Amino acid sequence: MSNDAAGLHTRFIVLLAALVALGPLSIDGYLPGLPDLAGDLRAGAAATQLTITACLAGLAIGQLIAGPLSDTYGRRRPLLAGLALYTIASALCAVAPDVRTLVGLRLVQGIGGAFGIVIANAMVRDRTSGTHTARLFSALTLITGLAPVFAPVLGGQLLRVTAWPGIFVALAVLGAVMLAASAAGLPETRPSASRQPLPAVVGQLLSDRVFTGYVLANGLVFAAMFAYISGSPFVLQEIHGLSPQQYSAVFAVNAAGLIAAAQISGRLVARAGARVLLLAGLLGATAGGTTVLGAVLTRAPLPVLLTGLFVLVSSVGLVMPNAAAQALGEPSGKTRSGATPLGFHQFPF
């Protein structure tokens, strides 16, 4: 590969990684500001947390919409439309007058962000094959897991200089930048002759029990992490008294654990195998979740709770890449189209 071709390939992958991260960043970037948001909009904790659920629902629903559209109309046009929708919804979130309006806008924001997740994975499948596909898809899946962990850290720092609406303004700016970059730097990767509806492909994949097992392993662990993410702002800040910056530091530590686990996985996968590392990750997630449950039931000190959360989140770094690689690596051509259902099972919770 020439230097020019290598540079184009690198820019292509960087853009896809940014697209995959956009949706998860939207879920959690404003988490440190949730208590202030609840006060400003005069909303209870349950109504405020619904703004998280709405974005998750939008990401799940949007992936089911984006997949068929990108197979029918190509990758570029649906992607640009989704990014435009995301940018507009993010800007409107910043000026939402009440929590009900914010919930509706968050749903739309999630739908727009989902287009980046689905189409980025689809473009990888269009451009690569075999083990290269599995490696790239694993990397994008890892970013999907890292982004929501880093987002509160960035949000906590933004709150030093702005209030919670400023986070949505930042997301709108990011969406506009990604729209411009995608329009300029991402070519159409699906030829007209290859375009076809996706529902039949999804049905075949979900009828494959082996593939579905990997999807469920991936989705259930991701659900556990998002249960922690959605509930932690109130638990750690209001019950345990952490400041927004301390809360962000907790996320930074967990992010370090997730990154370390993913790095260990990358180094050991050739020797140990993806299935062994996936099992280790599932056992770790079980141990971490059990520790969290025990800490809550016994009202254990905060360090016990944080230890369980650290083990749980770190285990995601083992589960997600290896579950994705196994799902894509089954010896069947149909698994190469599995990104949409795999992604959908990460965001219905």
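It should be emphasised that the depicted structure is a prediction, and the values quoted were computed from it without experimental measurement.

(A) Seen up close, the overall build of the protein. Looking only at helices and strands, one finds 13 helices and zero strands in the protein. Ordering the α and β elements of the protein from the N terminus gives α-α-α-α-α-α-α-α-α-α-α-α-α. Counting over 349 residues, the protein shows a buried share of 52%. A separation threshold of at least 6 residues defines the contact pool for the protein, and within that pool the share at least 24 residues apart is 84%.

(B) Representation of the packing of helix α3 (residues 45–73) against helix α5 (residues 99–127). At a minimum axis separation of 6 Å, α3 and α5 run at an interaxial angle of 35 degrees. In this structure, the crossing between α3 and α5 has a hand that is right-handed. Here the contact of α3 with α5 is composed, by residue class, of 20 nonpolar, ten polar and one charged.

(C) Broad picture of the confidence of the model for the protein. Averaged over every residue, the pLDDT of the protein is 80; residues scoring 70 or more account for 80%. Highest mean pLDDT in the protein belongs to helix α4 (residues 76–93) (95); lowest belongs to helix α13 (residues 339–344) (51). Between residues 1–5, whose pLDDT stays under 50, and residues either more than four places distant or in other chains, the model counts two contacts. Predicted confidence is poor over residues 331–339, with pLDDT under 50, and the contacts of this stretch with residues over four places away or in other chains come to 20 contacts.

(D) Layout of the packing of aromatic side chains. Considering all chains together, one arrives at two aromatic pairs under this definition. Between Y30 and F168, the aromatic rings sit 5.2 Å apart at their centres with planes inclined by 55 degrees, giving tilted as the arrangement. Of this pair, Y30 sits in the loop between α1 (3–28) and α2 (34–40) while F168 sits in helix α7 (residues 164–185), and the two are 138 residues apart along the sequence. Here Y30 and F168 have matching classes, each one buried. On the basis of an interplanar angle of 90 degrees and a centroid distance of 6.2 Å, the ring pair of W164 and F168 is categorised as edge-to-face.

(E) Quick peek at a nonpolar patch on the surface. Among the surface-exposed residues, I61, I65, L69, Y73 and L107 lie close enough to one another that they form a single nonpolar patch of about 390 Å² accessible area. Examining the composition of the nonpolar patch, we find that four residues originate from one element, α3, more than from any other. As for its position among the elements, I65 is in helix α3. Accessibility expressed as a relative area gives 37% for I65, which makes it partly exposed.

Analysis parameters
- Residues numbered from 1 in each chain as written.
- Predicted model: local features only at pLDDT ≥ 70, side-chain atom pairs only at ≥ 80, totals over all residues.
- Heavy atoms only, no water.
- Helix = DSSP H or I, 4+ residues; strand = E, 2+ residues; numbered from the N terminus.
- Buried < 20%, exposed > 50% of the residue type's maximum accessible area, 1.4 Å probe, protein only.
- Contact = heavy atoms within 4.5 Å.
- Axes fitted to C-alpha atoms, helices over the stretch in contact; angles between N-to-C directions.
- Left-handed = near helix turned anticlockwise from the far one by under 90°.
- Nonpolar A, V, L, I, M, F, W, Y, C, P; charged D, E, K, R; others polar.
- pLDDT = per-residue confidence, 0-100.
- Phe/Tyr/Trp six-rings, centres within 6.5 Å; stacked < 30°, edge-to-face > 60°.
- Patch = residues over 30% accessible without salt bridge, like charges linked within 9 Å, V, L, I, M, F, W, Y side chains within 5 Å.
- Areas by Shrake-Rupley, 256 points an atom, 1.4 Å probe, with all protein chains shown as cover.
- Salt bridge = Lys/Arg side-chain N within 4 Å of Asp/Glu carboxyl O.

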